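Reading the structure
Residues per chain, in single letters:
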Amino acid sequence: YRRERTLALRSSSSALYNNLAVLCAPARPPRAFGAVHGTTLSLLGTEGPPRQLPARGGGSALSTPLLTQAAWCQLPARVLLVLTSQRGVQMYEADGSTLVFWHALDVPEHPAAHSAFARGIAAAGERFICVGTSSGAVLVFDIPPKGTNVTLSEVLEQHRDPVTDIAAEQGQAPDGAGDLVTADDSGTLCLWSTGEEFTLLGKIPGSGCTCSSVTLWNGIVAAGYGNGQIRLWEAGTGQLRAQVSAHARWIYALDLAPLTGKLLSGAEDSFVHVWKLSRNPDTDDVEIQHCHAECVTDTQVCGARFCDPAGDTFAVSGYDLGEILCYGPA
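Quick look at the structure, then. (Residues numbered from 1 in each chain as written. Predicted model: local features only at pLDDT ≥ 70, side-chain atom pairs only at ≥ 80, totals over all residues. Heavy atoms only, no water.)

**As for the state of the cysteines**
Evaluated as defined, the whole model comprises 0 disulfides. In this model cysteine 73 remains outside any disulfide bridge; the closest cysteine sulfur is found in cysteine 130, 8.8 Å from its own. Given the relative accessible area of 0%, cysteine 130 is considered buried. (Disulfide = S-S within 2.5 Å. Buried < 20%, exposed > 50% of the residue type's maximum accessible area, 1.4 Å probe, protein only.)

Shown next as C-alpha cells:
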C-alpha cells in the first residue's frame, strides 16, 4: 500500500474508538467519509463541500452532548447514518440530509457517578440496527424498508460494563456460529444469533483488559485490546484460536474486508497494520498472516477502515489530525 491522497476535514478527529466512518459502494470508490469531533460529525462526500452534523438532545448551546461514534449501517433495503452521543441515538438517511429517528437514553438518577452514553453500532440481520450503551445494554432497533417508523424491538442485557463495539458477520457464518458479537470495557465478548429474537450463544469472559474494537468474519471473531493484542476466537465455541502482539499501545480500530479476510488494525502507537485471516482447509485451524505495516508519523490513530470489500484500499483518521489519509495499492 502507499498513500494516495488526503481529504481535509472541517475539524480534527476526537480520540474515540473506531472514529472513522466510510460508506462503501460495491466495485466503486467510497461515497462518503465521516469523523467525530466533539459535538459534531464532519461529513465528506465525494461530491459537494464538507458538511457538519451536530449532536441532538441539548437544551441549549452550552449543554450540547458530545458525540461518541458514527457509522453507516447498510441493510438490504436501505442505508442509514447512525450517530451515538451522551444523550441518545440519532439515525439519518445515508447522506445526512434527513433525521429519520431519535432515541433518548435513560439518564441515571445520579449522573455524577456514571456518565450515560451510547457507543457501538452495527447493522444485524435483514432489518435490525444494534447500538450499545454505557449501562451494558444493547438496544435492537427494527428498521422499516422506508419511512420513520423505527421501533425499539429488544434490549439485550448481558454486559455489566459499558459496551465498546458491536460487529455483525461479514462473510458466511458456519453452522451454529453466532452472527453478531458485542464487546465491553472489561473485555467480555457476547456471541449472539440474530433473528426475530436475538439468542445468546455464548460468553467469552474478559481478562481485565478493555476490548476496544471487534469484527466477525466466517465464524472468526477478531478482537483488539488495550494491551495492543489481537485475539482470534471461534464464534461458535468461544475457543481462542490465535493471539498476536500487534501493537505497542492501545488498539483503537479494527476493520475487516469481507471478500478476502483482510484485517486492518490501528492504534495509539501510530501504526496501521494489514493482516490476512484464513482457515486451513485440512485442519480447520485459524491462521493470521502479517501483510503490511504503515507508520502515520506522530499520529495517534483513532480510526481505520477499508474502502472496498476486497481490502485493496483503506483510510485512516488520527487524533488532532485535520484530514483523512487514504491508501491504495502500491
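**Describing the sheet that holds strand E16 (residues 189-193)**
The strand order across the open sheet built from 4 strands is E14-E15-E16-E17, with neighbouring strands paired in antiparallel fashion. The sheet terminates laterally at strand E14 (163-168) and strand E17 (199-204), the two strands that pair on one side only. Along the sheet, successive strands turn relative to each other by an average axial angle of 20 degrees, direction set aside. In the sheet, E14 pairs with strand E15 (residues 180-184) via 5 bridges, with the strands oriented antiparallel. Note that in E15 the partner of valine 163 across the bridge is aspartate 184. (Pairing = 2+ DSSP bridges. Helix = DSSP H or I, 4+ residues; strand = E, 2+ residues; numbered from the N terminus. Axes fitted to C-alpha atoms, helices over the stretch in contact; angles between N-to-C directions.)

**Observations regarding the sheet that holds strand E18 (residues 211-217)**
If you trace the 4 strands from one edge of the open sheet to the other, you get E18-E19-E20-E21, paired in antiparallel fashion. Sheet topology places E18 and strand E21 (240-245) at the edges, where each strand pairs with a single neighbour. The sheet shows a mean angle of 15 degrees between the axes of neighbouring strands, direction not considered. In this sheet, E21 lies alongside strand E20 (residues 229-234) in antiparallel orientation, the contact comprising 5 bridges. Bridging across to E21, arginine 231 finds its partner in glutamine 243.

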